[in-house]
Amino acid sequence: MRPVPEVKFTSLDFKQTDADGRFEGYASLFNREDLGRDIVLPGAFRDSLAARGPRGIKLLFQHDANQPIGIWTRLEEDGRGLYAQGHLMRDVGRAREVMALMRAGALDGLSIGFKAVRARRDRVTGVRRLEKIDLWEISIVTFPLLPEARITTTKTKPFASAPPTEREFERWLTRDAGLTRSEARALLRSGLAGLKALRDAGQGESEEARLAAQMRRAALVLLKH
């Protein structure tokens, strides 16, 4: 008998959902304590993703195995967490309903269904650190345990109606591009030269690669929309 999976919600940070049902966001964020007193560590999903690939992870509604509503087209770990791109199947009635609710802002949470393979619990704080996770499915849900795990986009053009204020652009850099607040402020203050200066002030080669990947992703989001 297959063990009952644990679930872990994240406010999906949905980037967009377009008319074709495509969306993206973060299904899990690293090093954030959720309401269940768990912290997912970087690398926790690596083995599951390598073994199953995106198509081997089910896209469900509310963790109901009888309600598959689409497919995951991209799942990968980055410096922030488990980044996900999905495609809702418009031929499925429930998927059409979910897409309408997502575009209206009524649904924006993601939740992972998994088995903890390796974890450590702090005896003092009670916080569990998840080092390795067997990921089975990711669901679109109403109430996530990790409020930051949300669908970030449903294909609405960022800043389409008007140029952003400096505060709005800083929020976009930290929320969607994945920069830290100090990195975002350095970029706003002095452009790429300021970001490079901050990076060179004490960051290693791996940090350089992380920042480059984040800026590429940010540029792709803007170019796509």
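Right, let's walk through the structure included here. (Residues numbered from 1 in each chain as written. Predicted model: local features only at pLDDT ≥ 70, side-chain atom pairs only at ≥ 80, totals over all residues. Heavy atoms only, no water.)

### Re the overall build of the chain
Next, step 1: Within the chain, the regular secondary structure consists of five helices and ten strands.
Next, step 2: Within the chain, the proportion of its 225 residues that are buried is 45%.
Next, step 3: Summarising the internal contacts of the chain: among those between residues at least 6 apart in sequence, 69% fall at separations of at least 24. (Helix = DSSP H or I, 4+ residues; strand = E, 2+ residues; numbered from the N terminus. Buried < 20%, exposed > 50% of the residue type's maximum accessible area, 1.4 Å probe, protein only. Contact = heavy atoms within 4.5 Å.)

### Considering the environment of glutamate 131
Next, step 1: Tracing the backbone shows glutamate 131 in strand β9 (residues 128-141).
Next, step 2: Of the polar contacts made by the side chain of glutamate 131, one reaches the side chain of arginine 120; its length is 2.3 Å. (Polar contact = N/O pair within 3.5 Å; in protein donor to acceptor, adjacent residues only side chain to side chain.)

### Describing the side chain of glutamate 137
Next, step 1: Residue placement: glutamate 137 occurs in strand β9.
Next, step 2: Taking relative accessible area as the criterion, glutamate 137 reaches 8% and is therefore assigned buried.
Next, step 3: At a separation of 2.8 Å, a polar atom in the side chain of glutamate 137 contacts the side chain of serine 139.
Next, step 4: For glutamate 137, the contacting residues outside a window of four places in its chain are Ile57, Lys58, Leu60, His63, Ser111, Ile112 and Gly113.

### Points about the pattern of salt bridges
Next, step 1: Here the structure, examined in full by the defined rule, presents ten salt bridges.
Next, step 2: Close ionic contact of arginine 52 with aspartate 134 constitutes a salt bridge, the shortest N to O distance being 2.6 Å. Placement of the pair is arginine 52 in helix α1 (residues 46-52) and aspartate 134 in strand β9, with a sequence separation of 82 residues.
Next, step 3: With a shortest N-O distance of 2.3 Å, glutamate 131 and arginine 120 are connected by a salt bridge. (Salt bridge = Lys/Arg side-chain N within 4 Å of Asp/Glu carboxyl O.)

Everything listed here is a matter of geometry and, on its own, says nothing about what the molecule does.
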